[in-house]
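# Reading the structure
Next come the chains, spelled out residue by residue.
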Amino acid sequence: MGDPQGQASPNPSVPDSRVPETAKEFKTEFNTEFNIGEEFGTAKRTLPPAGIVVICIAAVAVIVGIFAFKERAKPQGAGAINFVAEAEVPQQNLILVAITLTLRNTAERPLWIHTLKAQLTTADGETHEDEAVSVVDLDRYFQAFPALKESAEPPLSPETKMLPGSEQRGTIIVSFKVTKEAFDQRKSLRVSVQPYDQQLPVVIK
């Protein structure tokens, strides 16, 4: 017997002719398993291949290396030691050295001398360093030790300002706690000129 509205009661054992075949096919075709962990939780699916990553890192490292090489600090000048005269201080195991040198400003900006130092390395590898004596004392040293005045030039002093491309020749006096024999058998003698606005000194050998 039908329902009060004249519609047949549903029967699970009887196919429902009211569900279109296309809807059944749609349900069967798209009922696939979806694993969100596999889609978004692994580096394999979120990162590029390892080879490409390595190439990119290497390229960046090369670019940084080239930039650092070009921008590295460089000395602002160059020069040469022209003449060396020495005088031994009696009974003090001390030698005075007058160094005449030429300094060139090879940069495109002024070079302003801050300090002048000399470094002596003896034959046995021992190192001695001294800062140039004050310019006002040079005449006193020359009078006491005339040998220092040989081939001497006007003093080269701190606070000297050199224009780009210019050249300055002058003499400094330093002292080392060594004998004259040790000085004459030295391994090296160099002068270090430290400008005010530069990290690296100009080293003259």
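First things first, this report covers the structure right here in the doc. On a predicted model such as this, the values are computed, not experimentally measured, just so you know. (Residues numbered from 1 in each chain as written. Predicted model: local features only at pLDDT ≥ 70, side-chain atom pairs only at ≥ 80, totals over all residues. Heavy atoms only, no water.)

## What about the overall build of the protein chain?
Check the secondary structure of the protein chain and you find 6 helices and 8 strands. Taken from the N to the C terminus, the helices and strands of the protein chain come in the order α-α-α-α-β-β-β-β-α-β-β-α-β-β. A sequence separation of at least 24 residues applies to 69% of the contacts in the protein chain between residues at least 6 apart. (Helix = DSSP H or I, 4+ residues; strand = E, 2+ residues; numbered from the N terminus. Contact = heavy atoms within 4.5 Å.)

## Thoughts on the side chain of H128
Relative to the helices and strands, H128 resides in strand β4 (residues 127–131). Residue classification places H128 among the buried positions, given a relative accessible area of 15%. Within the structure, the side chain of H128 is placed 3.4 Å from the side chain of E126, a separation counted as a polar contact. Every residue in contact with H128, bar those within four places of it in the chain, is listed here: A118, Q119, L120, T122, F176, K177 and V178. (Buried < 20%, exposed > 50% of the residue type's maximum accessible area, 1.4 Å probe, protein only. Polar contact = N/O pair within 3.5 Å; in protein donor to acceptor, adjacent residues only side chain to side chain.)

## So, the sheet that holds strand β1 (residues 77–89)
The antiparallel open sheet is built from 3 strands, whose spatial order is β1-β2-β6. The open sheet has two edge strands, β1 and β6 (167–176), and neither has a second partner. Sheet twist, expressed as the average angle between the axes of neighbouring strands with direction ignored, equals 20°. As paired strands, β1 and strand β2 (residues 94–105) are joined by 12 bridges and run antiparallel to one another. Note on β2: the bridge partner recorded for F83 is T100. (Pairing = 2+ DSSP bridges. Axes fitted to C-alpha atoms, helices over the stretch in contact; angles between N-to-C directions.)

## Overview of the pattern of salt bridges
Counted under the stated rule, the structure contains 4 salt bridges. Among the ionic pairs, D184 bridges to K180, the shortest N-O distance being 2.9 Å. Taken together, the residues span about one helical turn, with D184 and K180 both in helix α6 (residues 180–184) at a distance of 4 residues. Residue D184 is classed as partly exposed on the basis of its relative accessible area, which comes to 41%. Take K180: its relative accessible area is 31%, and that puts it in the partly exposed class. Ionic contacts of the salt-bridge type, sharing partners, join the residues E86, K180 and D184 into one network. (Salt bridge = Lys/Arg side-chain N within 4 Å of Asp/Glu carboxyl O.)

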